[in-house]
There are 2 protein chains.
Amino acid sequence: MKIPELYENVDRFPVALDAIIFGFDRDNLKLLLIKRDFEPKKGEWSLMGGFLKSDESLDEAASRILTNLTGLKNIYLEQLYGFGEIDRDPVERTISIAYYSLINILDHNKELVKQYSARWFPIDDLPDLIFDHLKMVEAAKARLRYKAARQPVGFELLPEKFTLPELQQLYESIYETDLDKRNFRRRILSMGVLVKTNEKQKGFSKKGAYLYKFDKNKFDMLNSPSDGAGLSFKPPNV
Amino acid sequence: MKIPELYENVDRFPVALDAIIFGFDRDNLKLLLIKRDFEPKKGEWSLMGGFLKSDESLDEAASRILTNLTGLKNIYLEQLYGFGEIDRDPVERTISIAYYSLINILDHNKELVKQYSARWFPIDDLPDLIFDHLKMVEAAKARLRYKAARQPVGFELLPEKFTLPELQQLYESIYETDLDKRNFRRRILSMGVLVKTNEKQKGFSKKGAYLYKFDKNKFDMLNSPSDGAGLSFKPPNV
DNA sequence: AATAATAGGTGTTGATATTACACTTATAAA
DNA sequence: TTTATAAGTGTAATATCAACACCTATTATT
């Protein structure tokens with residue numbers, strides 16, 4: 001028996017990528033959605049998406065789709081889940097791999113976003129979404145909460161320099177709850193990846209808040225034991 | 001513009017499902033692997049897998065594939081990750097959605113397993129695996145650790161009644177470390193989903209250990225706030 | 001019948017982490 | 001000069017976690 005050229009008697013499907021794009025505008029956590037100007041569901045809101053091509057990996061395809069909409073490259077992107085209900089797309093049986101992404105809301109290319117009739121929506125006030133896109137958004141919210149619980153996520157969502165009240169506001173949006181100022185500072189600073197600068201943010205408050213930066217090196221170190229680190233049932237002595 | 005019949009100018013791909021099947025034999029955590037009797041990579045070890053058909057969802061397909069091998073229905077199964085590197089399969093570009101599964105090692109149909117030349121391997125002594133299957137296994141191990149950290153996982157891996165030393169042994173296999181007997185008992189019992197029976201396991205130790213059962217109801221309750229519950233950065237007052 | 005061998009079962013203490021909580025400070029605007 | 005606003009700071013009570021050693025029930029052996 002020799003190696004076959006192709007698999008025989010196997011169904012083939014379009015593989016879609018859909019992107020849940022989180023942004024933060026110093027006030028609310030938001031999602032970037034597009035208004036479809038094509039069928040099916042023309043005129044309705046949906047996640048940005050596209051189909052996998054044969055010359056790109058899943059990650060590359062997701063990245064391409066995101067660049068198409070935002071003009072940004074090297075965006076933070078993480079695979080979320082594969083959605084594959086039979087009737088999820090009325091046109092044809094497809095499966096979709098959802099990715100979520102964190103971007104600085106000020107960074108994206110406004111022209112491109114306009115082309116797609118895209119808009120930022122507050123996470124707690126989304127329009128109806130097509131297909132199973134709401135399920136995808138819910139999964140992404142849960143994942144973001146999980147992620148933010150064990151490492152600062154502001155890296156991608158905030159500008160290079162940011163204040164602790166801004167970071168706290170971001171966390172409060174993510175968890176949809178209020179946090180105690182003193183406890184929040186202690187916890188986030190104890191992770192040891194924030195560096196205080198001597199600059200103060202002017203204009204917003206009268207006193208002004210100190211600006212902080214992420215320490216990328218320490219952050220990567222925190223990330224690398226990617227395993228079960230930080231779990232509530234962590235084995236002792238580790 | 002009307003709704004199209006099918007998507008045009010879109011590549012289509014075989015969608016594979018691969019299953020990481022965990023079992024536990026009261027001693028070691030194990031994986032069920034098959035020896036391929038077909039090309040490519042005939043004679044080598046791999047995960048059990050198969051291709052998605054157009055009349056089944058991803059979950060259904062994964063479940064079918066698992067039933068094919070084990071004879072078991074209603075197996076615990078969870079989607080893990082989508083693997084989509086361009087050259088992951090030498091025959092043809094495919095994408096694979098990996099699922100992991102927990103089964104009682106004594107339950108499966110031995111005939112079927114024999115047909116597939118399948119074998120249980122200790123998790124820390126696996127043979128070489130084809131394609132990207134080792135990556136899949138590593139991801140499944142990490143996921144199982146994560147899962148076991150916040151809820152007892154013995155449910156699927158152990159017989160209906162089991163002793164605490166057995167459950168501890170399972171956890172020690174999962175984390176590949178030793179755990180303190182007293183601390184383990186306190187923690188696992190404090191989750192409140194184990195019920196002590198009056199029976200003692202005879203035969204293995206001289207004293208005999210009490211048998212426990214899972215309380216399915218309480219367990220489901222523990223599971224339902226599927227969100228960010230149990231995280232180390234959990235919001236206060238919740 | 002007594003003894004030895006084996007694994008099961010149990011509590012406490014010190015260290016660390018988490019929560020709740022209120023006042024002072026720097027600055028801009030009035 | 002006063003006032004208004006958000007920034008910034010510390011402590012005490014509580015809960016959680018890790019470390020640690022001995023007794024018990026039973027079977028097998030003599």
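1. A word on the side chain of E56 of chain B
Phase 1: Summarising the element assignment, E56 of chain B is placed in the loop between β4 (48–51) and α1 (58–70).
Phase 2: Among the polar contacts made by the side chain of E56 of chain B, one reaches the main-chain amide nitrogen of K53 of chain B at a distance of 3.0 Å.
Phase 3: At 2.6 Å, the side chain of E56 of chain B forms a polar contact with the side chain of R64 of chain B.
Phase 4: When sequence neighbours within four positions are dropped, the list of residues in contact with E56 of chain B reads I86 and R93 of chain A together with F51, A61 and R64 of chain B.

2. A short note on the relation of the copies chain B and chain A
Phase 1: You can overlay chain B on chain A at an RMSD of 0.1 Å; the transform is a turn of 180 degrees with a shift of 0.0 Å along its axis. In the structure described here, the two chain copies are related by an operation that fits a two-fold rotation axis.
Phase 2: Looking at chain B, 97% of its interface residues are interface residues in chain A too, so the copies touch through the same face.

3. Structural notes on the interface of chain B and chain A
Phase 1: Listed as interface residues are 62 residues of chain B and, on the opposing side, 60 residues of chain A.
Phase 2: Here chain B packs against chain A, burying approximately 5600 Å² in sum over the two surfaces, 63% of which is carbon and sulfur.
Phase 3: Put simply, chain B and chain A have two salt bridges between them.
Phase 4: Measuring nitrogen to oxygen at the nearest pair gives 2.8 Å for the salt bridge that ties R12 of chain B to E92 of chain A.
Phase 5: Of all elements in the fold, only α1, β5 (76–83), β6 (95–102), α3 (133–150), α5 (164–175) and α6 (181–190) of chain B reach the threshold of two or more residues within the side of chain B that touches chain A.
Phase 6: With six residues, α3 of chain B is the largest single contributor of residues to the side of chain B that touches chain A.

4. Re the confidence of the model for chain A
All names here are of chain A.
Phase 1: Confidence along chain A averages 89 in pLDDT terms, with 92% of residues attaining 70 or more.
Phase 2: Between the elements of chain A, mean pLDDT differs from a low of 77, seen in helix α7 (residues 216–223), to a high of 98, seen in strand β3 (residues 45–46).
Phase 3: This stretch, residues 225–232, has a pLDDT under 50; its non-local contacts, to residues over four places away or in other chains, come to 14 contacts.

5. Focus: the packing of aromatic side chains
Phase 1: Evaluated as defined, the whole model comprises 23 aromatic pairs over all chains.
Phase 2: Both rings, one in Y81 of chain A and one in F83 of chain A, keep their centres 5.3 Å apart while their planes meet at 70 degrees; by these two values the pair is edge-to-face.
Phase 3: When its relative accessible area of 30% is taken as the criterion, Y81 of chain A is described as partly exposed.
Phase 4: The interplanar angle of 40 degrees and the centroid separation of 5.0 Å between the aromatic rings of F162 of chain B and F214 of chain B together place this pair among those described as tilted. On the criterion of sequence distance, the pair formed by F162 of chain B in strand β8 (residues 162–163) and F214 of chain B in strand β10 (residues 209–214) is long-range, its members being 52 residues apart. In terms of burial, F162 of chain B and F214 of chain B fall into one category: buried.
Phase 5: Here a set of aromatic residues connected by ring pairs shows up, and it is made of F155, F162, F214 and F219 of chain A.
Phase 6: Just above the ring of F121 of chain B sits the side chain of R119 of chain B; from NZ or CZ to the centre is 4.2 Å.
Phase 7: K196 of chain B extends its terminal NZ or CZ atom over the ring of Y210 of chain B, reaching a point 4.3 Å from the ring centre.

6. Side note on the sheet that holds strand β8 (residues 162–163) of chain A
Phase 1: Taking strand neighbours across the sheet as the criterion, the three strands line up as β8-β10-β9 (chain A) in an open arrangement whose pairing is antiparallel. Of all the strands in the sheet, just β8 and β9 (194–201) of chain A have a single pairing partner and so form its edges.

7. Topic: the pairing of β6 of chain B
Residues and elements named next belong to chain B.
Phase 1: Here β6 lies mainly inside the structure; eight of its eight residues are buried.
Phase 2: Burial along β6 is two-sided: the face carrying I95, I97, Y99 and S101 and the face carrying S96, A98, Y100 and L102 are both buried.
Phase 3: As defined by bridge partners, β5 adjoins β6 across seven bridges and the pair is classed as antiparallel. Bridging across to β6, E78 finds its partner in Y100.

What counts and what doesn't
Residues numbered from 1 in each chain as written. Chains lettered and ligands numbered in written order. Predicted model: local features only at pLDDT ≥ 70, side-chain atom pairs only at ≥ 80, totals over all residues. Heavy atoms only, no water. Helix = DSSP H or I, 4+ residues; strand = E, 2+ residues; numbered from the N terminus. Polar contact = N/O pair within 3.5 Å; in protein donor to acceptor, adjacent residues only side chain to side chain. Contact = heavy atoms within 4.5 Å. Least-squares fit on C-alpha atoms with pLDDT ≥ 70 in both. Buried area = accessible area lost by both parts, 1.4 Å probe. Salt bridge = Lys/Arg side-chain N within 4 Å of Asp/Glu carboxyl O. pLDDT = per-residue confidence, 0-100. Phe/Tyr/Trp six-rings, centres within 6.5 Å; stacked < 30°, edge-to-face > 60°. Buried < 20%, exposed > 50% of the residue type's maximum accessible area, 1.4 Å probe, protein only. Lys NZ or Arg CZ within 6 Å of the ring centre and 35° of its normal. Pairing = 2+ DSSP bridges.

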